Amino acid sequence: MNPPSAPADVPRLAVLVSGNGSNLQAILDACAEGRLAAHVAVVIANNPDAYALTRAAEAGVPTEVRPHQGVDRAEYDKELAYTAATYGADLVVLAGWNRILTTFFVGHHATINLHPAKPGGFRGLGAIEADFDAWQRGDLTEGGVMVHYVPDEGVDDGPVIAWEGVPFHDGDTLDDYALRVHGVEHRLLVDAIATVLARADTLGGHR
Ligand code: GAR
C-alpha cells in the first residue's frame, strides 16, 4: 500500500484524524494507485479509538496517538507541530479532525481542512445533519463539500481550495445524503491536495 519510505522528492503528508478515516483511506488509496503524487508519512489521532488508526496500520503508515484531554491547548499544539515536523510533513491534512488548531500550529505547518458544507455554510461538527435539516425545512436547496486552507483559528473557515455542491434528492434519508457527501469528499480532497502540492509557494518554508 503506502511504502514506509518514499523518494525524497515526493511530498510528505501528515493526516490528522479523529474518527472513521474514510477520507484518510481515499488519500492512502490515491497514493498507492499513483493518482496522487504524495506519501502519507504519519497519521496522528487525538482519539485512541479512531478507526482511522486501523486503516493507517493496515497501510503500513506510522501512527501517533495524542489524546488531548487534560493537556494545555498551547502545549498540545506545540507537541503536535513537533510531531508532524519529525515526520518531515510538507502539508498537514485535517481529514475529520475535531479540534481547532492554534495559530502556532498553522504558523508552522501549511494546513488544509475538509468540511462537509459549502463555503459560507454551516460550520463546526454536524454540518451534514444541519444541512439535511435545513433542506427538510425548505431553507436549503443544495448542500456541499469544501477544502480550504487553515490560516488561523477560524472554525471551518479559510481560503477555499475546492468546493462542490451536493444535491438533495426527493425521498432522501440522512444516510442517503451523507453517503453522497462522503463520495464527493473522497474525490474532492484528493484533488485539493494535488492542487495545493502543485502550488509550492503555498507550502511556506516547509518544502
Ligand atoms: C467528514 O465528513 C469531514 O468532512 C468531517 O468529518 C468527516 C470525517 O469522516 N469534518 C468536519 O466536519 C470538520 N468540521 P471520515 O473520518 O470518514 O473521513
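Caption draft 1: The site of the ligand, seen in detail. In the neighbourhood of the ligand, the contacting residues comprise Asn-20, Gly-21, Ser-22, Asn-23, Gly-96, Leu-114, His-115, Pro-116, Gly-124, Asp-156, His-182 and Glu-185. Take Asn-20: an N or O atom from its side chain is 3.3 Å from an oxygen atom of the ligand. Summarising the interface, the protein chains cover 88% of the accessible area of the ligand, which totals 450 Å² for the free molecule. Spatially, the ligand is embedded in the largest pocket. Elements that contribute at least two residues to the shell around the ligand include exactly α1 (22-32), β5 (111-115) and α6 (174-198). Of the residues contributing to the shell around the ligand, the split by class is two nonpolar, eight polar and two charged.

Caption draft 2: Main features of the pattern of salt bridges. Counting across every chain of the model gives nine salt bridges. When the shortest N-O distance is used, the salt bridge between Arg-180 and Asp-172 registers 2.8 Å. With respect to class, Arg-180 is no different from Asp-172; both count as buried. Connected via shared salt-bridge partners are Glu-64, Arg-66 and Glu-79.

Caption draft 3: Region of the structure containing unusual backbone geometry. The backbone phi angle of Asp-156 is positive, close to 50°, even though this residue is not glycine. Mapped onto the elements, Asp-156 comes out in the loop between β6 (142-149) and β7 (160-167). Exposure remark for Asp-156: the relative accessible area of 14% places this residue in the buried category.

Caption draft 4: Quick look at the nonpolar core. One finds Leu-13, Val-15, Ile-27, Leu-91, Val-93 and Ile-193 to be the most contacted residues of the largest nonpolar core, which totals 47 residues. Counting residues per element, this core draws most heavily on α6, at 11 residues. The residues touching Ile-193, leaving out its near neighbours within four places in the chain, are Leu-13, Ile-27, Leu-36, Leu-91, Val-93 and Ile-112. Counting residues in each nonpolar core, the second largest holds 18 residues, with Ala-14, Leu-94, Leu-101 and Val-150 among its members.

Caption draft 5: Highlighting the sheet that holds strand β3 (residues 63-65). Pairing is mixed across the open sheet formed by seven strands, whose spatial order is β3-β2-β1-β4-β5-β6-β7. Lying at the two open borders of the sheet, with one neighbouring strand each, are β3 and β7. Within the sheet, the average angular offset between the axes of one strand and its neighbour, ignoring direction, is 20°. Note: β5 against β6, four bridges, orientation antiparallel. If you follow His-115 over to β6, its bridge partner there is Met-146. Those strands touched by α6 are β1 (12-17), β4 (91-94), β5, β6 and β7, and its axis lies near 160° from that of β7.

The rules behind these values
- Residues numbered from 1 in each chain as written.
- Predicted model: local features only at pLDDT ≥ 70, side-chain atom pairs only at ≥ 80, totals over all residues.
- Heavy atoms only, no water.
- Near = heavy atom within 4 Å.
- Polar contact = N/O pair within 3.5 Å; in protein donor to acceptor, adjacent residues only side chain to side chain.
- Areas by Shrake-Rupley, 256 points an atom, 1.4 Å probe, with all protein chains shown as cover.
- 1 Å grid on protein atoms, 1.4 Å probe; cavity = no way out; pocket = protein on both sides within 12 Å on 5 of 7 lines; lining within 4 Å.
- Sits in = over half its atoms within 2 Å of the grid points.
- Helix = DSSP H or I, 4+ residues; strand = E, 2+ residues; numbered from the N terminus.
- Nonpolar A, V, L, I, M, F, W, Y, C, P; charged D, E, K, R; others polar.
- Salt bridge = Lys/Arg side-chain N within 4 Å of Asp/Glu carboxyl O.
- Buried < 20%, exposed > 50% of the residue type's maximum accessible area, 1.4 Å probe, protein only.
- Core = buried A, V, L, I, M, F, W, Y, C linked by side-chain atoms within 4.5 Å.
- Contact = heavy atoms within 4.5 Å.
- Pairing = 2+ DSSP bridges.
- Axes fitted to C-alpha atoms, helices over the stretch in contact; angles between N-to-C directions.

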